[in-house]
Amino acid sequence: MQNKIDSKNIVLGVCGGIAAYKSVELLRLLNKQGAKARVIMTQNARSFVGPLTFEALSGYPVFFDLFQNIDSKNDVSIRHIDWARNADAVIIAPATANIIGKLANGIADDALSTFMLAVTAPVLLCPSMNSQMYANKAVQRNLSMLRADGYFIVEPEAGKLACGDSGPGRLPEPKDILNRLLYYFAPKDLKSKKVL
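Asker: Describe the packing of helix α1 (residues 20-32) against helix α8 (residues 174-185), listing the residues and the values that go with them.
Answerer: Taken N-terminus to C-terminus, the directions of α1 and α8 make an angle of 45°; their axes are 9 Å apart at the nearest point. When the interaxial angle is binned, α1 and α8 end up oblique. When you trace α1 past α8, the crossing you get is right-handed. Contacts between α1 and α8 involve K22, E25, L26, L29 and L30 from the former and P174, K175, I177, L178 and L181 from the latter. For the contact of α1 with α8, the class distribution of residues is seven nonpolar, no polar and three charged.

Asker: Break down the pattern of salt bridges for me, with residues and values.
Answerer: Under the criterion given, the structure shown has seven salt bridges. One salt bridge in this structure joins D110 and K102, with 3.3 Å as the shortest N-O distance. For the salt bridge of R147 with E155, the shortest nitrogen-to-oxygen distance reads 2.6 Å. Its relative accessible area of 38% is what places E155 among the partly exposed residues. The network of salt bridges with shared partners includes K102, D109 and D110.

Asker: So what's going on with the packing of aromatic side chains? Residues and values would help.
Answerer: All told, the structure shown has three aromatic pairs when counted by the stated rule. When the ring of Y184 is compared with that of F185, the centres are 5.2 Å apart and the planes differ by 80°; the resulting orientation is edge-to-face. Looking at Y184, the relative accessible area reads 34%, which means it is partly exposed. Every member of this aromatic cluster is reached through a ring pair, and the members are F152, Y184 and F185. The lysine or arginine in question, R46, covers the ring of F64, its NZ or CZ lying 3.8 Å from the ring centre. Here the basic side chain of R79 rests over the ring of F63, its NZ or CZ set 4.7 Å away from the ring centre.

Asker: Which residues make up the sheet that holds strand β5 (residues 152-153), and what values go with them?
Answerer: Pairing within the open sheet is parallel, and its five strands lie in the order β2-β1-β3-β4-β5. The two strands at the open ends of the sheet, each matched to only one other strand, are β2 (36-41) and β5.

Asker: So what's going on with the environment of A148? Which residues, and what values?
Answerer: In this fold, A148 is placed in helix α7 (residues 137-148). Each C-alpha atom of the pair A148 and A104 lies 10.0 Å from the other, and the pair is 44 residues apart in sequence.

Asker: Tell me about the side chain of S128, and name the residues and values.
Answerer: You can see S128 is positioned in the loop between β4 (123-127) and α6 (131-135). Apart from residues lying up to four places away in sequence, S128 is in contact with A19, P94, A95, T96, G169, R170 and L171.

Asker: Summarise the side chain of N142; cite the residues concerned and give the values.
Answerer: Inspection of the secondary structure puts N142 in helix α7. Discounting chain neighbours no more than four positions away, the residues touching N142 are I100, G101, A104 and N105.

Definitions and cut-offs
- Residues numbered from 1 in each chain as written.
- Predicted model: local features only at pLDDT ≥ 70, side-chain atom pairs only at ≥ 80, totals over all residues.
- Heavy atoms only, no water.
- Axes fitted to C-alpha atoms, helices over the stretch in contact; angles between N-to-C directions.
- Helix = DSSP H or I, 4+ residues; strand = E, 2+ residues; numbered from the N terminus.
- Parallel < 35°, antiparallel > 145°, perpendicular 65-115°, else oblique.
- Left-handed = near helix turned anticlockwise from the far one by under 90°.
- Contact = heavy atoms within 4.5 Å.
- Nonpolar A, V, L, I, M, F, W, Y, C, P; charged D, E, K, R; others polar.
- Salt bridge = Lys/Arg side-chain N within 4 Å of Asp/Glu carboxyl O.
- Buried < 20%, exposed > 50% of the residue type's maximum accessible area, 1.4 Å probe, protein only.
- Phe/Tyr/Trp six-rings, centres within 6.5 Å; stacked < 30°, edge-to-face > 60°.
- Lys NZ or Arg CZ within 6 Å of the ring centre and 35° of its normal.
- Pairing = 2+ DSSP bridges.

Spelled out as structure tokens, the structure:
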């Protein structure tokens, strides 16, 4: 039986948060399922995990600058459009307060946010930040706007955070994020059915 995401084009967006290290494992799990996974990183994410790690695991160049020339065969000015057009799904993990605010307000000032404005595929957004930041009214308002826009929000876990605080804000485990993606692609055979 074929995996639900075998040969699917999945774009993994990685933002600058301590949980970026978990994105490496998520990429490994996507590959194990047969997905064709590509990575877009914010500049801040590069401070936590180097692009070479993602390139080695994915087998594709990492996209982190709208004007970088990673593939001389393609016009660098439209790479974000090509990736968006070909994506079957997008996962942003970790999703910082910064990218959440940009997406909710249509701001496109880097490779990831510009790519996201062109995406029509389903998006799993995985917030990860300090508990007080997560509870902030602006962040919650932005998440509500994104839910209304059709984003799938994978709620953060509660527990001990890197800053020493405890509470909601931890990035879910990579296997749990993968399971949410698999659920999205699973056929909904019983939808709208009444079962006794």
